[in-house]
Every structure is written in C-alpha cells, then in structure tokens.
Amino acid sequence: MAGHVLIIDYGSQVTQLIARKVRGLGYYAEILPANLDLTQSLSRKPGALILSGGPASVEEPSAPTLDPAILASGLPILGICYGMQLLAKFTGGALTREAAGEYGPAQFYADASSALFKDLPPKAFQVWMSHGDRVDTLPPGFKITGHTLDLPIAAMSDESRKIHAIQFHPEVHHTDHGLDILKNFLVLSKLTADWQMSSFAEKAVKDIIERTAPDRHVLCGLSGGVDSTVAAFLLAKAVGTRLHSVFVDNGLLRQNEVEQVREAFTSAYPDIELRVVDAGEIFLDRLKGVTEPEEKRKIIGHTFIEVFGQEAKKLGQVDFLAQGTLYPDVIESISPYGPSAMIKSHHNVGGLPKDLPFELIEPLRDLFKDEVRALGASLGIPDKLLWRQPFPGPGLAIRIIGQVTPQALSILRQADAVVREEIAKAGLDREIWQAFAVLLSNRSVGVMGDGRSYGQVIAVRAVTSVDAMTADWARLPYEVLGNISRRLTNEVAGINRVVYDISTKPPSTIEWE
Ligand code: XMP
C-alpha cells in the first residue's frame, strides 16, 4: 500500500475524522495508536504522516511522546493540535500551558505565501480550536504561517523538511477550508488520489456471512433510527430469516415513538421480523432515585442486554447481538485506537456489561452518521427512516437532569413534542441535526394569572452538525424560539421558564448528560 497516509493517533476524539476526510479526498489512510511500535507501519511505506490531536499536555511526564522514527523518516508531516505541540517540542521550540485554554471557534489569519494554505481566501476564516497548551517559541528552521488574535503561532512550517503544523483541527466540519488544507498537504506530499469507498456494503455483508456461518442466529437491537435500520438491512441481506430484530420500549421514548417506528419499519421491511418488547417498567424501576448521568447510562445499557437476553431465550439459540454502533459512540465511550479520554458511556458501547452473553456484530463501527445516511440511500432505504433526527439510546433519561420519574417523563415528552413540532413547522427539520427539550432540576419563580408560580425550567437545544463530533447551536429565527417558549409555558403544566442553549461542542456535548 505505497503512498498512503499514516495517521498517528495521540488520543484525539476526532482522529477517525482525519482518516475519514482523507478517505473522502480519495487517499487511503490508516491509523496507528501512538503507543504502538511504528516499525511495521513504516515498512508499509506510507507517503505522508499526520500527527493527531490528543487530550494530554506534552510537558506531562506520562504524555505520549514523539517517536524519533517520525522525524527520521524524512516523510512529509502534518501535525494537528497536540501533533503540532509535539513537533514544536521535539524540533527545538517551546510551549506554555494556558490558564484558560481555547475551545471552539477562532478567526485564523493564514500566511498567503504558505504552501499549506495555497489558494485559500486572503481574509481570515473560522477554525475550530480545542487546546490547553500553546507553542510560544518557534523551533529553528520553522516560520509562522498563521495566527489568530489570541494565538501568535497558530500554524508553522519548515517547508524544506516538508513539516507543517496547525493548532486548529482541519478535520472538523466547523473549520472553514479544512478539507482544502488537508488536500494541499496531500498534494504537497505528492500522493495520488486513487482510493474509493465503493464496496462498503458488499464487504460488510460478506464479513457477516463468514462470521455467522453456517446457520447461527443474530438478534439485532433496533431503535428506529438510521444506524440500526441500516445495520438491520445489511444483516438481513447476509443472514435472511436468521435475523431477529428487537425494538425495546424502555419507557424512555418520545411521544408516539413506538407506533411510529413499528409502522415505518414494517411498511418498509415487511419481510424482516420485528419484535416489540414492552419493558418500560423494569427500566423505570432500575432508574429509581438515580441522578448521576454515567450511572443512568450504565443501568440502561445493562437493562437493554438483560431484555435482549430474555428475548434470545424465547427464540432458542442466538449467538450474536448486532447493533448500529457508529464511530462517535465508540470514541466517546472508550478509546479503540489510542489514548483518548472517555467522555460518556454511549449505551451501546460503554454501557455494555463485561460478561456479555453474545458476540457483537457492529458493521457500522468505523463510520459516521453522514456516511451511514449515504450508505443507506445507496441501499434504497426510504428517506423517512434515513432522515430521522438522532435520538440517544438512553432516551429521555439523559434529558431529565436529576431523577427520572413518570411525572418528569410526562412533562419532557410533551415539551419535546412541542419543540419538534415547531421546528418541523418552520421547515428546519433537515438543516438541524437535533432539536429537543431538556428538563432541568432547578425551579424558578414566575407570575401566572396574577399569582406566583414556582415552576420548572425547560432548556431548548437545537444544533447543527455533520457528524456529531463537533456541533454549533442553531441560529433559530426569534419567531420560532418565541413560538416554542409561548407554547411550552402555556401548554405544558409545571413549566414557567424556557431557556435556549447556545453552547458549541466542544466544549459542551450535544446531550446534557
Ligand atoms: P454527545 O452528547 O456525546 O452526543 O455530543 C453525540 C451524538 O450521539 C447521540 N448520543 C447517543 N447515541 N447512544 C446512542 O446511540 C448513546 O448512549 C448516546 N449518547 C449520545 C447524541 O444524541 C448525539 O446525536
């Protein structure tokens, strides 16, 4: 595989996005965790190296370090965020730890003469930052190729050694011209764009056939969302009637969701078995008195497995559990490739018990949602299923801050329906990644009908995103916000205040818990 890109992963949440963007540009890329030996990967003759970001501070004693073979290789190198800081440290520059760090958008001024920023507009453009350290002293041989108002050395290059470094993340959607920058680097590295992501479905189906041969049965956890639907479709192609789809009503679903999913799925796939299990009571019972978000997630994950186990018993011998796990679920829950930080236990990954009574099949584990939607469209899955907004496995439980009670669920269900209805009415469904309500645990004083009220607060969250790795708050028209607020306070008993969440990801996440 000569001439491909080798990405060294220092544990960034978005390393897989680098690979994915490089793939999208037509170049093959592979990821190597920074703690593994480089020798074998270098012997496969990559044509360029990309050093990812990471959560550590380069000056910490336990921080991942720069393998000397990287600089010795003489290959073109692009260091991103932590990768830039490592390059600075190991080529003779100096860093400082910032008191506050820099997270989210910044305006970047590129040096127009830099090869890395070739053909970019002369004006400043938005880049996405997420760092606590900064390069303070330029290493010998490097020149500054870009800055922001807060960061004098936001990019640096030693063009004679083909080493480039940028403090921001070109791989995330919210960095303008990120793809152009990656492309410039790949072109500068003299690589040829000759890779295509053509036969993903074929390969996935073939892998499933091999794993489940000759006649083993698969239970697929279906949520009604795009991921599990595409996964179920691939499985049905591979194992036919040995597939048993199970949709668990965990009591944490949105208004009318069970009926809607049943109808949408069975009308699109009358031949795929769908079992709907009413398990609301056990989930709510297990969640009684629990307020800690990770504890909620773990309880829900374990209960799902228990319910799947009961269904499997009814079916006889079932060896596999299939899920529509995506890469963002994986990376936030555990670090599969490198030393990433754990953010939250996505229920279908970090929420699984250690002694899982099934083998797992996760055909979409390396993909992002927009790739899954494209895959689904190529498989002929109807838009109605492909374009449902994402809904987390732990459901409304992680949108109720504090205890999950039937009363809280009832308030949140009504509020969520209002938010989604108003967004749909305004025709904003597709451009918004997710729009939902969160029920806060604090109370606030209000005045209703000349009397004092002491009610609950709904936070409205609406974000734009492409892959859930980064997100921006949606600039909803004031009129839409006004309608939502008026309806929530008038129609949902107990609510007397509405706030709009204007945080980006990072530093926030999309869900509140
Ligand atoms: P966060 O809150 O981590 O969410 O920014 C990123 C995306 O993932 C969804 N999400 C989940 N999906 N199981 C899922 O299947 C989970 O446990 C889970 N937690 C969050 C979230 O709604 C958003 O789209």
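In case you missed it, the structure is sitting above this.
Residues numbered from 1 in each chain as written. Predicted model: local features only at pLDDT ≥ 70, side-chain atom pairs only at ≥ 80, totals over all residues. Heavy atoms only, no water.

Draft legend 1. Broad picture of the packing of helix α6 (residues 200–212) against helix α7 (residues 226–239). For the pair α6 and α7, interaxial distance at closest approach is 9 Å and the crossing angle is 55 degrees. As the angle between them shows, α6 and α7 are arranged oblique. The crossing of α6 and α7 is right-handed. Each of Ala201, Ala204, Val205, Ile208, Ile209 and Thr212 in α6 lies in contact with α7, whose residues at this interface are Leu234, Leu235, Lys237, Ala238 and Val239. Here the residues of the contact of α6 with α7 are counted per class, giving 9 nonpolar, 1 polar and 1 charged. (Axes fitted to C-alpha atoms, helices over the stretch in contact; angles between N-to-C directions. Helix = DSSP H or I, 4+ residues; strand = E, 2+ residues; numbered from the N terminus. Parallel < 35°, antiparallel > 145°, perpendicular 65-115°, else oblique. Left-handed = near helix turned anticlockwise from the far one by under 90°. Contact = heavy atoms within 4.5 Å. Nonpolar A, V, L, I, M, F, W, Y, C, P; charged D, E, K, R; others polar.)

Draft legend 2. How the structure looks around the sheet that holds strand β11 (residues 243–249). Strand order in this open sheet of 5 strands is β12-β11-β10-β13-β14, and the pairing throughout is parallel. The open sheet terminates on both sides in strands that have one partner only, identified here as β12 (274–278) and β14 (359–361). Within the sheet, the average angular offset between the axes of one strand and its neighbour, ignoring direction, is 30 degrees. Summarising the sheet, strand β10 (residues 218–222) and strand β13 (residues 320–322) pair through 3 bridges and their orientation is parallel. Residue pairing across strands places Cys220 opposite Ala322, the latter belonging to β13. Packed on one face of the sheet, α7 meets β10, β11, β13 and β14 and runs near 160 degrees to β10. Each of β10, β11 and β12 touches helix α8 (residues 257–268); the most contacted strand, β12, lies at about 170 degrees to it. (Pairing = 2+ DSSP bridges.)

Draft legend 3. Local environment of the site of the ligand. Near the ligand there are 18 residues, and of these Glu332, Lys344, His347, Lys505 and Glu511 occur at the shortest range. In this structure, Gly393 approaches the ligand through a main-chain N or O atom, which is 3.3 Å from a nitrogen atom. For the ligand, an oxygen atom lies 2.7 Å from a polar atom in the side chain of Lys505. For the ligand, the protein covers 94% of the area, taking 500 Å² as the surface of the free molecule. Looking at side-chain class alone, the shell around the ligand contains 6 nonpolar, 6 polar and 6 charged residues. (Near = heavy atom within 4 Å. Polar contact = N/O pair within 3.5 Å; in protein donor to acceptor, adjacent residues only side chain to side chain. Areas by Shrake-Rupley, 256 points an atom, 1.4 Å probe, with all protein chains shown as cover.)

Draft legend 4. Representation of α6. Across its 13 residues, α6 extends 18 Å between first and last C-alpha, which sits within 8% of the 18 Å expected from 1.5 Å per residue. Tucked into the core, α6 has its buried residues touching β10, α7, β13, β14 and α12 (369–378). (Expected span 1.5 Å × (residues − 1).)

Draft legend 5. Fine view of the nonpolar core. Counting 88 residues, the largest nonpolar core has Val230, Phe308, Leu364, Ile458, Leu476 and Leu488 as its most contacted members. With 9 residues, the top contributor of residues to this core is α7. When sequence neighbours within four positions are dropped, the list of residues in contact with Leu488 reads Ala415, Val418, Val419, Ile458, Val460, Ile495 and Val498. In this structure, Ile18, Val22, Leu120 and Leu182 belong to the second largest nonpolar core, which totals 32 residues. (Core = buried A, V, L, I, M, F, W, Y, C linked by side-chain atoms within 4.5 Å. Buried < 20%, exposed > 50% of the residue type's maximum accessible area, 1.4 Å probe, protein only.)

Draft legend 6. Highlighting the sheet that holds strand β9 (residues 163–166). The 9 strands lie next to each other as β2-β1-β3-β4-β9-β8-β7-β5-β6, forming an open sheet whose pairing is mixed. Each edge of the open sheet is held by one strand with a lone partner, namely β2 (29–33) and β6 (125–137). Here the average twist between neighbouring strands, direction ignored, is 25 degrees. Inspection of the sheet shows strand β8 (residues 155–158) paired to β9 by 4 bridges, in the antiparallel sense. Bridge assignment links Met156 to a residue of β9, and that residue is Ala165. Of the strands in this sheet, β1 (5–9), β3 (48–51), β4 (77–80), β6 and β9 are in contact with helix α5 (residues 178–188), which crosses β3 at around 145 degrees.

Draft legend 7. A look at unusual backbone geometry. The omega angle of the peptide bond from Ala213 to Pro214 is -5 degrees, so this bond is cis rather than trans. Relative to the elements of secondary structure, Pro214 occurs in the loop between α6 and β10. Cis geometry is found at the peptide bond from Pro506 to Pro507, where omega equals 10 degrees.

Draft legend 8. Molecular detail of the pattern of salt bridges. For the structure on display, the rule yields 34 salt bridges. Between Glu311 and Arg275 there is a salt bridge whose closest N-O contact spans 3.2 Å. One end of the pair, Glu311, is in helix α10 (residues 293–315); the other, Arg275, is in strand β12, with 36 residues separating them in the sequence. The residue Arg487 makes a salt bridge to Glu422 at a minimum N-O spacing of 2.8 Å. (Salt bridge = Lys/Arg side-chain N within 4 Å of Asp/Glu carboxyl O.)

Draft legend 9. Local environment of the side chain of Asn184. Position of Asn184 among the secondary structure elements: in helix α5. By relative accessible area, which is 16% here, Asn184 ends up buried. A polar side-chain atom of Asn184 sits 3.1 Å from the main-chain carbonyl oxygen of Lys118. If we skip the residues at most four places from it in the chain, Asn184 touches Ala115, Leu116, Phe117 and Lys118.

Draft legend 10. Quick peek at the pairing of strand β7 (residues 143–147). Here 2 bridges tie strand β5 (residues 94–110) to β7, and the two strands are oriented antiparallel to one another. Looking at β7, one finds that Ala110 is bridged to Gly146. Both β7 and β8 contribute to a ladder of 3 bridges, which runs antiparallel. By the bridge assignment, Lys143 is partnered in β8 with Ser157.

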